[in-house]
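Inside the fold
In case you want the letters, here they are:
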Amino acid sequence: MGSLDNGAAAAAGSYKRGPGPALRAGIVGGGSARKVRARSRLARFLLLEKVDYLQWMVAAAAFFFVAIVFVAFLPGSGVVVERPWLTLPSRRAGPGRVGGGTAEDRGGRVRWEAGVAFEFEPTRLREKWARERREEAKSLAELGTPVTRLGVRKPRLAMVFGDLYPSAMQLQMVSVASVLEAMGYEMKVFSLEDGPCGNIWRAIGVPVSILPEDTNLPIFVDWLDYDGILVNSIEARPVFSSLLHEPFKSIPIIWTVHEYSLAHRAKEYNASGMVQLINAWKDVFSRANVIVFPNYILPVMYAAFDSGNYFVIPGPPSEAFQVDSFIGKSYHEDVRISLGSSPKDFLIAIVGSPFSYGDNLMEEALVLQAVSPLLQRYHSENSTQSELKVKIFTGNITEKHRMALESVALSVGFPRGAVEHVAAEDKDNLLSTADLVIYYSCLEEQLFPSVLVQAMSLEKLVIAPDLAIIRKHIDDGVNGLLFPRKNIGMLAQVLLRAVSNGKVSVSGQKIASAGKAHAKNLMASETIEGYAVLLENIVKFPTDALSPLTAGEIPLALKQEWKWHLFEDVKHLHRMNTSLSGYKILQKLEQEWHRNQMENSSLSTTKTSDAFSAIAWEEQRANEVMDIKRKMEEDELKDRNDQPHGTWEEVYRNVKRVERLKNELHERDDKELERTGQPLCIYEPFFGEGTWPFLQQSSLYRGVGLSSKGRRPGADDIDASSRLPLLNNVYYRDILGEFGAFFALANRIDRIHKNSWIGFQSWRATARKVNLSNNAESAILEAVQSQKHGDSFYFWVRMDQDPRNRTNKDFWSFCDAINAGNCRLAVLEAFQRMYGVHLDHDLDSLLHMPNDGDTWSVMQSWVLSTRSFLEFVMFSRMFVDALDAQMYDKHYQTGHCILSLHKDQHCYSRVLELIVNVWAFHSARRMVYVNPETGAMQEQHHLSGRRGQMSVQFFSYTTLKSMDEELAEEFDLDHPDRRWLWPQTGEVFWQGLYERERSMRQQEKERRKQKSREKIQRIKNRARQKTLGKYIKPPPDDTGGSNDTTTVDL
């Protein structure tokens, strides 16, 4: 008793000054002389032959004093134990958002105190969502026109995986997808590698598509078909090669990262100077709208990549999924022997929180003291024969900590070697072989400890403090045992009831069995609700999408359990090397980085050698240049007298001719030469590198880049922004879409398009596999050459087969459905602005689009004669100008317009997608549908049946031409200072401008003639100098006398 009291007192007193060194100094022997003298007096006291009553009382008082001191240091008491500081990005934890007993300094550091754990709060994300909701409600209220959702399809989600092998993550996402499908979502799975889970996804009605695994290969997926993307695992990193580029940069992405591999490898990247890899990963992390982690440890580990978009949703049931492999291991006696225990030992595992930063010696000592009463039920004093063993799991342990714990264990009565620490790599073996698990951490956490989930899944009796998060999932006496965190003495009583006859009691075994059943579906509800809440806040569903159920409307029966029954047949195929998860993609990226480094190094070496070898050629080249110059000078001097001189007018004329022809001097490639002899050229407007895989390569097609930044290198694409400066404005480039390419090509079309027919095909038609086949191309070429249908409008993407029109709505109803119910209103007001008259509010009576069983064109994929195309552009310029005048002010300021429920940078582009049908129908063009596969043609809305239904007066060429000239005259003469879109969309021309230019040319010609006449007159009137006199030539010296002279006329 004496040694127990003394050691315990020393241990208790040491916590106020620092647990490690003081304990060792007081127990092991590093103390002062005073402590040595005290220990010697105690030894003499114990050696007395007789002990009187007073001495026994003193010993008992000392023991109780030690117990009181231990209880005083129990977490939650009035004594504060200092914890270390951890520097975290302050943007993730706002003021007051860290646990109740914490403090935050100006540098953003979060402090822990006794009983308090780090609390992660995504304040930036939640503030952003709240701000967006407020701004959206305010902007929609200010529009003045109600917007409605006329949903015709389910919202679509894409789910991307690295592979489809059975895993806890697959189980989680299959369960989440099943609930999302019941909520009204439609999904499709993409994976870089096929696996057994592909059949599971197909069994629940989700289609599966396998993507190329090579990061350098293009991904042929139109991500714009999906309202949101759920990426799972960093192994799916290759899909970001397209999601980082336009036009896919605005698609919402939720990326679930559950691997530790990148966090560990990032330290090596920093040490090795691989900055490019780190920056590439930062770009990917910032591209995702939300990064989802399954626990609160990973956000801290990935702090270097944080851009304020981290979120935590309870992770997959990894512990329950792997329980079969753990149970299989526990049958081997070698596992227990490797841990220092025999099969007959009663093994207690003591585990704690990963957030218990610093020394946990105090908590461990308190638990050991509570466990010590069980020693009375075991008789052996030899540690090798003892039936009670205690293993403490800890992440990092120092030698000081180990020695101090050993001293505490000896102090409370444990034999030497009965209490040991277990390293992190042996956690699975420890939990699988333990008879009872005690959770000692009293830190309040946000997430149920994963180590308890694993222990419960292994059917181990779990004893834990009554923390809030633990009480939420463990019912005391039903699926686990709880003890008050502020009364450590109750832990001893709980242990005595749980252990009977050297093993877990019968009631404890029943509790453990109930705990296993409960752990199998633990956190399922929180996980499913977490993803539903994210989708509500991140994904902005378009007006043509139906509204799914909210997270609060999910039936309770759907979210209580994981879909275990779907994995019964493939669960055994689970890959056990989960610790290596995520390293496959890291190795590929590292190899690519090293390969690029070697290529750059060899290239620099080659340049250096070329520099040395070029020195010898410089002298030779200089000599040749000097010889050429000398020869040119000689030729010039020789022919200078015979060289003819032209007039300045001829020089000016030659210069202008060269300037006109300088764009035709480049070398033409084969496709351009083939295109010159064809009657038709089909243009493909595109924006961004993400569209490149969908563009055609044959000579019949030519790309039109809406931005100079996303042009294909080496391709014969047209830069639309250089032909129409309006497209340099990002606002109009986004809102016009393909119409920007129409206006750019129509602007002085004869300089770039010399074919009699012109066509357009959207890259999205190729993505949906409704682009023209070779047979369809041949059929269209034959039809336009033979004038089979005359001046017709050919199209090959049908409205009745569009995914947005699954209910087969009529034209105006479909237009309203994809434009928040306001398509007719916007078109009606635009026509009133165009024609300057008050029209009937019944748009269908003005612009009747019959529902006669035929179909209409969508996705801007059609062919027209070049003359008809210019007429359509003439109408479109005025129509777009009217729409812009109607919506620009509110849309430019707030991002909202009456054609969308949310902020939409494309606003009226969906109206422009359909307006070509209105023009073609009411301008009396024949509308011919071309089957994109076979090339079969079928006329739609026959001309003979349109009589009395067309408003030809608004679409005739004479009307449109007069309106165009009136606008040009206004701009040319009045020079209005208001904001006006029409002059920026193309040529401004009217008859008066032509006459003025002809008059100016005539005046310039007369001016040049007048200058020429004046020059000739000046030459004629130039004064000539008269003869000054006669020159007398002196005689030669050797002839004649001095009086001889000779005269010469000057």
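Sequence order as written defines the numbering, with residues in each chain counted from 1. Confidence filtering applies because this is a predicted model: local features only for residues at pLDDT of at least 70, side-chain atom pairs given and counted only at 80 or more, and all residues used for totals across whole chains, interfaces and linings. Heavy atoms throughout the structure, all of them, feed into the side-chain values; hydrogens and water do not.

**Looking at the overall build of the chain**
Of the regular secondary structure elements, the chain holds 39 helices and 27 strands. Each residue is placed in one exposure class: buried if its accessible area under a 1.4 Å probe, protein chains only, is under 20% of its type's maximum, exposed if it is over 50%, and partly exposed if it falls in between. For the chain, with 1050 residues in total, the buried portion stands at 47%. Contacts in the chain between residues far apart in sequence, at least 24 positions, make up 73% of those at least 6 positions apart. When the accessible surface of the chain is summed, it comes to about 52600 Å², and 51% of that surface belongs to carbon and sulfur atoms. Under the DSSP-based scheme used, a helix requires at least four consecutive residues in state H or I and a strand at least two consecutive residues in state E, with every element numbered from the N terminus. We call two residues contacting when some pair of their heavy atoms lies within 4.5 Å. Where accessible areas are quoted, they stem from the Shrake-Rupley method and a 1.4 Å probe; at the residue level, only the protein chains shown are allowed to cover.

**Examining helix 16 (residues 399-411)**
Working rule for helices: expected span equals 1.5 Å times residues minus one. Compared with an ideal rise of 1.5 Å per residue, which puts 13 residues at 18 Å, helix 16 spans 18 Å between its outermost C-alpha atoms and is within 8% of the ideal. Every buried residue of helix 16 is accounted for by His401, Ala404, Leu405, Ser407, Val408, Ala409 and Ser411. Backbone geometry just after helix 16 places Gly413 at a positive phi near 110°.

**Describing the side chain of His753**
Within the element layout of this structure, His753 appears in the loop between helix 29 (738-746) and strand 21 (757-760). In contact with His753, not counting residues within four places along its chain, are Cys681, Tyr683, Ile758 and Thr866.

**Digging into the sheet that holds strand 18 (residues 680-686)**
In spatial order, the strands read 20-19-18-21-23-22-24-25; together these eight strands make up an open sheet with mixed pairing. Of all strands in the sheet, those with a lone pairing partner are strand 20 (718-719) and strand 25 (937-940), marking the two edges. Paired strands, as defined in this entry, are two strands with at least two bridges between them according to DSSP. In this structure, strand 24 (residues 926-930) lies alongside strand 25, joined through four bridges in antiparallel fashion. Looking across to strand 25, one finds that Val928 is bridged to Glu939.

**Side note on the sheet that holds strand 8 (residues 290-293)**
Read from one edge to the other, the open sheet built from seven strands follows the order 5-4-3-6-7-8-9, with strand pairing classed as parallel. Edge strands, defined here as strands with exactly one partner in the open sheet, are strand 5 (208-210) and strand 9 (310-312). Pairs of neighbouring strands in the sheet enclose a mean axial angle of 25°, with direction left out of account. As paired elements, strand 6 (residues 228-232) and strand 7 (residues 253-256) share four bridges and run parallel to each other. Paired with Ile229 across the bridge in strand 7 is Ile253. Fitted lines through C-alpha atoms serve as axes, helices being fitted only where they are in contact, and the angles separating the N-to-C directions of these axes extend from 0 to 180 degrees.

**A word on the pairing of strand 6**
Taken across its five residues, strand 6 has five buried, putting it largely inside the fold. Burial along strand 6 is two-sided: Gly228, Leu230 and Asn232 facing one way and Ile229 and Val231 facing the other are all buried. Here four bridges tie strand 3 (residues 156-161) to strand 6, and the two strands are oriented parallel to one another. Along strand 6, the bridge assignment pairs Met159 with Leu230.

**Remarks on the state of the cysteines**
By disulfide we mean two sulfur atoms from cysteines, separated by a distance within 2.5 Å. For the structure on display, the rule yields two disulfides. Two residues, Cys815 and Cys823, share a disulfide whose sulfurs are 1.8 Å apart. Judged by the sign of its S-S torsion, about 70°, the bond between Cys815 and Cys823 is right-handed. Here Cys815 matches Cys823 in class, with each residue buried. For Cys897, the disulfide goes to Cys907, at an S-S distance of 2.3 Å. Residues Cys897 and Cys907 are joined through a disulfide that is right-handed, its torsion about the S-S bond being 130°. Residue Cys897 is found in the loop between helix 35 (866-894) and helix 36 (909-922), and its partner Cys907 is found in the loop between helix 35 and helix 36; the two are separated by 10 residues along the sequence.

**Section: a positive patch on the surface**
Residues enter patches when their relative accessible area tops 30% and they take part in no salt bridge; the joining distance is 9 Å for like charges and 5 Å for the nonpolar side chains Val, Leu, Ile, Met, Phe, Trp and Tyr. Any carboxyl oxygen of Asp or Glu within 4 Å of a side-chain nitrogen of Lys or Arg constitutes a salt bridge here. Here the positive residues are Lys and Arg and the negative ones are Asp and Glu; neither His nor the chain ends is included. To locate a charge, take atom NZ for lysine, CZ for arginine, CG for aspartate or CD for glutamate. A cluster of like positive charges, contributed by Arg124, Lys128, Arg131, Arg133 and Arg134, occupies part of the molecular surface. Along the chain, the position of Arg134 falls in helix 5 (residues 123-143).

**Topic: the pattern of salt bridges**
Side chains that differ in sign of charge can pair as their charged atoms come close. For the structure on display, the rule yields 39 salt bridges. Note that Arg925 and Asp791 form a salt bridge whose closest N and O atoms lie 3.7 Å from each other. Here Arg925, found in the loop between helix 36 and strand 24, pairs with Asp791, found in the loop between helix 31 (774-786) and strand 22 (792-795); they are 134 residues apart in sequence, far enough to count as distant. You can call Asp791 partly exposed: its relative accessible area is 34%. In this structure, Arg979 and Asp884 form a salt bridge, with 2.8 Å as the shortest nitrogen-oxygen distance.

**Some remarks on the confidence of the model for the chain**
As a per-residue quantity, pLDDT reports the predictor's confidence and falls between 0 and 100. When pLDDT is averaged across the chain, the result is 80; 75% of the residues are at 70 or more. The low-confidence segment residues 380-384, where pLDDT is below 50, has six contacts with residues more than four positions distant or belonging to other chains. Below pLDDT 50 for its whole length, residues 663-667 participates in one contact with residues either more than four positions away or in separate chains.

**Observations concerning the packing of aromatic side chains**
Pairing of aromatic rings covers Phe, Tyr and Trp, the last through its six-membered ring, and needs centres within 6.5 Å; plane angles under 30 degrees mean stacked, over 60 mean edge-to-face, and all others mean tilted. With the rule as written, the count across this model stands at 52 aromatic pairs. Centre to centre, the rings of Trp281 and Phe285 are 6.5 Å apart; their planes meet at 70°, and the pair counts as edge-to-face. Taken together, the positions of Trp281 and Phe285, both in helix 10 (residues 275-287) and four residues apart, correspond to about one turn of that helix. With respect to burial, Trp281 and Phe285 carry one shared label: buried. Arranged with centres 5.8 Å apart and planes meeting at 65°, the rings of Trp856 and Phe921 form a pair that is edge-to-face. Of the two residues, Trp856 is situated in the loop between helix 34 (843-846) and strand 23 (862-865) and Phe921 in helix 36; the sequence distance between them amounts to 65 residues. Summarising the burial analysis for this pair, Trp856 and Phe921 share the class buried. Aromatic ring contacts, followed pair by pair, group Tyr683, Phe739, Phe742, Phe743, Phe760, Phe793, Phe795, Trp862, Phe869, Phe872, Trp919 and Tyr929 into a single cluster. In this analysis the charged atom, NZ for Lys or CZ for Arg, is taken to sit over a ring once it is within 6 Å of the ring centre and within 35 degrees of the ring normal. In this arrangement the basic side chain of Arg867 is found over the ring face of Tyr957, its NZ or CZ atom lying 5.5 Å from the centre.

**A word on the packing of helix 18 (residues 450-457) against helix 21 (residues 506-519)**
Remark: helix 18 packs on helix 21, axes separated minimally by 7 Å, with the N-to-C direction vectors making an angle of 120°. What the angle tells us is that helix 18 and helix 21 run oblique. Seen from above, helix 18 lies across helix 21 with left-handed handedness. Between helix 18 and helix 21, the residues in contact are Val453, Met456 and Ser457 and Ala512, Gly515, Lys516, His518 and Ala519, respectively. In terms of residue class, the contact of helix 18 with helix 21 is made up of four nonpolar, three polar and one charged. Any angle between 65 and 115 degrees counts as roughly perpendicular, while under 35 counts as roughly parallel, over 145 as roughly antiparallel, and the rest as oblique. Helix crossings get a hand from a simple test, with the near helix turned counterclockwise from the far one by less than a right angle marking a left-handed crossing and a clockwise turn marking a right-handed one. Following the grouping adopted for this structure description, the nonpolar residues are Ala, Val, Leu, Ile, Met, Phe, Trp, Tyr, Cys and Pro, the charged ones are Asp, Glu, Lys and Arg, and the polar ones are all others, Gly among them.

**Some remarks on helix 33 (residues 823-835)**
With 13 residues, helix 33 extends 18 Å between its outermost C-alpha atoms, agreeing within 8% with the 18 Å of an ideal straight helix rising 1.5 Å per residue. Just past helix 33, the residue Gly836 takes up positive phi, approximately 65°.

**Digging into the nonpolar core**
As a rule of thumb, soluble globular proteins bury nonpolar side chains together. Core analysis: the biggest nonpolar cluster contains 107 residues, and Leu736, Trp862, Phe869, Phe875 and Phe879 have the highest contact counts within it. If you tally residues by element for this core, the top one is helix 35, at 12 residues. With sequence-adjacent residues up to four places away left out, Trp862 is seen in contact with Phe742, Gly759, Phe760, Phe793, Tyr794, Phe795, Trp796, Ser857, Phe869, Phe872 and Val916. Buried residues of nine kinds, namely Ala, Val, Leu, Ile, Met, Phe, Trp, Tyr and Cys, make up a nonpolar core once their side-chain atoms join them within 4.5 Å. Counting 79 residues, the second-largest nonpolar core is a separate cluster that includes Ile234, Leu262, Tyr310 and Phe448.

**Overview of the packing of helix 9 (residues 261-272) against helix 10**
Two quantities define a packed helix pair, namely the angle between the axes and the distance from one axis to the other. Two numbers describe how helix 9 lies on helix 10: the axes approach to 10 Å, and their chain directions differ by 140°. As judged from the angle between their axes, helix 9 and helix 10 are oblique. The segment helix 9 lies against helix 10, with Leu262, Ala266, Tyr269 and Asn270 engaging Leu277, Ile278, Trp281 and Phe285.

**What to know about the environment of Asn729**
Take Asn729: it is sitting in the loop between helix 27 (720-723) and helix 28 (730-736). By relative accessible area, Asn729 is classed as partly exposed at 34%. Considered as a pair, Asn729 and Ser707 are 22 residues apart in the sequence and their alpha carbons are 9.9 Å apart.

**Some remarks on unusual backbone geometry**
The step from Glu246 to Pro247 runs through a cis peptide bond, and the omega angle for that step is 5°. Looking at where Pro247 falls in the secondary structure, it is placed in the loop between helix 8 (240-243) and strand 7. The backbone phi angle of Glu459 is positive, close to 60°, even though this residue is not glycine. Along the chain, Glu459 falls in the loop between helix 18 and strand 14 (461-465). Take Glu459: its relative accessible area is 36%, and that puts it in the partly exposed class. Phi is positive for Met523, which is not a glycine, with a value near 70°. Structurally, the position occupied by Met523 is in the loop between helix 21 and helix 22 (524-538).

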